[in-house]
Amino acid sequence: MRRLWVVLSLLLVTWSQVSGGVRVVGKAVKLVGGDGNFFMNPVWSPDGQMIAFTGERYEGLWVMKADGSGVRELTAEPAAGYGFEWSADSRAILARVAQYRGPFRYNAAKVFRVDTGEATLLTEYRTSMPELPHWADGDTKVVIVGTKEVEVVDSGKHAAEMAKVSARYFCYQKGGAIVVAGPGGKPLATLDPLPGEQYLNEVVSPDGRRVAFEVLGGDLYVVNTDGTGLVDLGRGNRPQWAPDSYHLVYMIAEDDGHQFTSSDIYCIAADGSGKMALTATPDRLEMNPCWSPDGSKIAFDTMDEGAIYVLRVEIADTGKMRIEQ
């Protein structure tokens, strides 16, 4: 099967749907990176007009227009590019940044204004910030999960300018379980679908009904936020939901214990149907996919090249697909 995908990719095939599913339109287009510049981890702004991304080892934070123009650096701070979040109005980015003082790492939550580049420090630098900060309460607040308590702080100058925004859910880990929080930051459910396993990269669907997550050394799963309907999706890493809250895009990466040896982008439905490779390039490491807010594009990076690409897609109703030459 792997050989079949490779042959088809070399023939520059296009994907087409039989009665729904996900259809890839054309070839992936490189937006930025390579040629001595290393970029990774693209994330779309909620309005679909911009993409934020980071550098090697998640150092720094950049933004650009969705067509790859207007690249600007917001910060060069360490760790700023890991798990950052756009505000719902696409005007600011929340990040956990780091400082190194001797052998110790200190973390803080910061908000970066995209239009002005202004940065607002929301917390003091501390040695313990095990979870990423999250926007809450119409983005006027930020939730910071500590080892002992959950802290809620104002989002700074950005809070006073926020209009009403759509509800957003998020999740984090507490005591080895997955906590699903509502738009106000209040915990709605605590999930431990596979007791004894270590969960990774958990992400809640836009409608708040499902959570996708990995198990360390294991598979990718989906579970309903009421704890029912656990589905094993097979091997997979870094899941991201489509705006329909039903399809997922993710990567399947291989390594030799020291470095990645292969990686491709896949999509699948939440019920495990319609699994499909969106890339099939043995000489390229496609990773960290992210669906655009309107569902029409998927951005991803190439770890071997350090570039960011965008692939056009179409989402229909089912996971049945075929291939056309």
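Cut-offs applied
Residues numbered from 1 in each chain as written. Predicted model: local features only at pLDDT ≥ 70, side-chain atom pairs only at ≥ 80, totals over all residues. Heavy atoms only, no water. Core = buried A, V, L, I, M, F, W, Y, C linked by side-chain atoms within 4.5 Å. Buried < 20%, exposed > 50% of the residue type's maximum accessible area, 1.4 Å probe, protein only. Helix = DSSP H or I, 4+ residues; strand = E, 2+ residues; numbered from the N terminus. Phe/Tyr/Trp six-rings, centres within 6.5 Å; stacked < 30°, edge-to-face > 60°. Lys NZ or Arg CZ within 6 Å of the ring centre and 35° of its normal. Pairing = 2+ DSSP bridges. Salt bridge = Lys/Arg side-chain N within 4 Å of Asp/Glu carboxyl O. Polar contact = N/O pair within 3.5 Å; in protein donor to acceptor, adjacent residues only side chain to side chain. Contact = heavy atoms within 4.5 Å.

J.: Honestly, the nonpolar core in this entry has me stumped. Any pointers?
T.: A general feature of soluble globular proteins is that nonpolar side chains tend to end up buried together. In terms of nonpolar packing, the biggest core is built from 18 residues, with Leu-278, Trp-291 and Val-313 touching the most fellow members. Those elements that place two or more of their residues in this core are β2 (22–33), β22 (247–255), β23 (260–269), β25 (286–291), β26 (297–302) and β27 (307–315). Counting residues per element, this core draws most heavily on β27, which supplies 4 residues. Counting residues in each nonpolar core, the second largest holds 16 residues, with Val-63, Ala-95, Val-114 and Tyr-125 among its members.

J.: Teacher, can you tell me more about the packing of aromatic side chains here?
T.: Counted according to the given criterion, the structure contains 9 aromatic pairs. With centroids separated by 5.2 Å and ring planes inclined at 80 degrees, the aromatic side chains of Tyr-199 and Phe-213 adopt a geometry described as edge-to-face. Of this pair, Tyr-199 sits in strand β17 (residues 199–204) while Phe-213 sits in strand β18 (residues 210–215); the two residues are 14 residues apart in sequence, bridging distant segments of the chain. The pair Tyr-199 / Phe-213 is uniform in exposure class, with both members buried. A network of ring pairs unites the aromatic residues Phe-39, Phe-53 and Trp-62 as a single cluster. Above the plane of the ring of Tyr-106 lies Arg-101, whose end atom (NZ or CZ) is 4.1 Å from the centre. The cationic tip of Lys-275 hangs over the ring face of Tyr-266; the distance from NZ or CZ to the ring centre is 5.4 Å.

J.: Looking at this model, I keep getting lost on the sheet that holds strand β24 (residues 276–277). Mind explaining?
T.: Strand pairing in a sheet relies on backbone hydrogen bonds, with the paired strands running either antiparallel or parallel. Strand order in this open sheet of 4 strands is β21-β22-β23-β24, and the pairing throughout is antiparallel. The sheet terminates laterally at β21 (237–241) and β24, the two strands that pair on one side only. Pairing of β22 with β23, which is carried by 9 bridges, proceeds in the antiparallel orientation. Looking at the pairing, His-247 lines up with Ala-269 of β23.

J.: Quick question: what am I supposed to make of the pattern of salt bridges here?
T.: Between side chains of opposite charge, a pair can form when the charged atoms approach closely. Scanning all chains against the criterion turns up 10 salt bridges. Two residues, Arg-168 and Asp-139, come together in a salt bridge whose shortest N-O distance is 2.9 Å. In this pair, Arg-168 sits in the loop between α2 (157–160) and β14 (170–174) while Asp-139 sits in the loop between β11 (134–136) and β12 (141–145), placing the two residues 29 residues apart along the sequence. Residue Arg-168 is classed as partly exposed on the basis of its relative accessible area, which comes to 27%. One network of salt bridges, in which partners are shared, links Glu-124, Arg-126 and Glu-151.

J.: Hey, could you run me through unusual backbone geometry in this one?
T.: If you check the backbone angles, Ser-90 has positive phi at about 65 degrees while not being a glycine. Residue placement: Ser-90 occurs in the loop between β7 (85–86) and β8 (92–101). Given a relative accessible area of 8%, Ser-90 falls into the buried group.

J.: Which parts of the structure should I look at to understand the side chain of Thr-225?
T.: When you line up the elements, Thr-225 lands in the loop between β19 (220–224) and β20 (231–234). For Thr-225, a relative accessible area of 18% corresponds to the buried category. Here the side chain of Thr-225 touches Gly-208 through a polar contact of 3.2 Å, landing on its backbone oxygen.

J.: Mind showing me how you'd approach the side chain of Lys-110 here?
T.: Following the sequence through the fold, Lys-110 ends up in strand β9 (residues 104–113). A polar contact is formed between the side chain of Lys-110 and the side chain of Glu-77, at a distance of 3.0 Å. Not counting residues up to four positions away in its chain, the partners in contact with Lys-110 are Glu-77, Ile-93, Leu-94, Ala-95, Val-97, Thr-120, Leu-121 and Tyr-125.

J.: Whenever I open this one, the environment of Ala-307 confuses me. Can you help?
T.: With respect to the helices and strands, the residue Ala-307 is situated in strand β27. With 273 residues separating them in the primary sequence, Ala-307 and Gly-34 have C-alpha atoms 5.1 Å apart. Residues within four places of Ala-307 in sequence aside, it is in contact with Lys-30, Val-32, Gly-33, Gly-34, Phe-39, Phe-300, Asp-301 and Thr-302.

J.: It is not clear to me how the pairing of β22 should be interpreted in this structure. Could you clarify?
T.: The two faces of the sheet receive side chains in turn, since in a regular strand these alternate between them. Of all the 9 residues making up β22, 7 are buried; the element is thus mostly covered by neighbouring parts of the structure. Pairing between β21 and β22: 3 bridges, direction antiparallel. From the neighbouring strand, Gln-240 faces β22, where its bridge partner is Val-249. Taking the residues that link successive antiparallel strands as the turn, the β21-β22 hairpin has 5 residues, and the phi of Ser-245 there is positive, at about 60 degrees.

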